[in-house]
Amino acid sequence: MKALITGSNGSCAHYLARELAVEVAGMARPECDLTNFEAVFSTLDQARPEVIYHLAADANVRGS
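Note that this is a predicted model, so its numbers are computed, not measured.

## Let's talk about the overall build of the protein chain
Move 1: Per the secondary structure count, the protein chain includes two helices and three strands.
Move 2: Across the protein chain, helices and strands are ordered from the amino to the carboxyl terminus as β-α-β-α-β.
Move 3: Since a compact globule built from 64 residues should have a radius of gyration of about 11 Å, the 12 Å found for the protein chain is in line with a globular shape.
Move 4: Evaluated residue by residue, the protein chain yields a buried proportion of 25% over its 64 residues.
Move 5: Total accessible area on the protein chain stands at roughly 4,800 Å², and carbon and sulfur atoms take up 51% of it.
Move 6: Positive and negative charge centroids in the protein chain, built from 5 and 8 side chains respectively, lie 6 Å apart.

What follows is the structure, encoded as structure tokens:
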């Protein structure tokens, strides 16, 4: 099985990736901004994940 983790630069993603016993692909800024649909679709096309863990977030609560 192959997993994709959004927000893969974050500390939670690091721990999740370490615990998963599967191949892991990451998706994080600036390489792939989730608001850029072309970049998202390109990443999904390349990674072909069977499961996606969505851990991406904006750490600035007021700004988001």
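## A closer look at the nonpolar core
Generally speaking, a soluble globular protein has its nonpolar side chains buried in company with each other.
Move 1: Residues Leu4, Ala25, Met27, Cys32, Ala39, Val40 and Ala47 constitute the largest nonpolar core, which totals seven residues.
Move 2: Elements with a contribution of two residues or more to this core: strand E2 (23-27) and helix H2 (37-47).
Move 3: No other element matches H2, which puts three residues into this core.
Move 4: Apart from the residues within four sequence positions on either side, Ala47 is in contact with Lys2, Leu4 and Ala25.

## A closer look at the environment of Glu38
Move 1: Secondary-structure assignment places Glu38 in helix H2.
Move 2: Its relative accessible area of 68% is what places Glu38 among the exposed residues.
Move 3: Residues Glu38 and Ala13, 25 residues apart in the sequence, show an inter-C-alpha distance of 23 Å.

## Points about the sheet that holds strand E3 (residues 51-54)
Sheet strands pair by backbone hydrogen bonding; their relative direction is either parallel or antiparallel.
Move 1: Pairing in this open sheet of three strands is parallel, and the strands run E2-E1-E3 from one edge to the other. Edge positions in the sheet fall to E2 and E3, since each has one partner strand and no second. The average angle at which neighbouring strand axes cross in this sheet is 25°, direction not considered.
Move 2: Note: strand E1 (residues 2-6) against E2, five bridges, orientation parallel. Among the inter-strand pairings, Lys2 is bridged to a residue of E2, identified as Glu23.
Move 3: Sitting on the sheet, H2 touches E1, E2 and E3, and the angle it makes with E1 is about 155°.

Calculation notes
Residues numbered from 1 in each chain as written. Predicted model: local features only at pLDDT ≥ 70, side-chain atom pairs only at ≥ 80, totals over all residues. Heavy atoms only, no water. Helix = DSSP H or I, 4+ residues; strand = E, 2+ residues; numbered from the N terminus. Rg over C-alpha atoms; globule rule 2.2 N^0.38 Å. Buried < 20%, exposed > 50% of the residue type's maximum accessible area, 1.4 Å probe, protein only. Areas by Shrake-Rupley, 256 points an atom, 1.4 Å probe, with all protein chains shown as cover. Lys, Arg positive; Asp, Glu negative; His and termini not counted. Charge placed at Lys NZ, Arg CZ, Asp CG, Glu CD. Core = buried A, V, L, I, M, F, W, Y, C linked by side-chain atoms within 4.5 Å. Contact = heavy atoms within 4.5 Å. Pairing = 2+ DSSP bridges. Axes fitted to C-alpha atoms, helices over the stretch in contact; angles between N-to-C directions.

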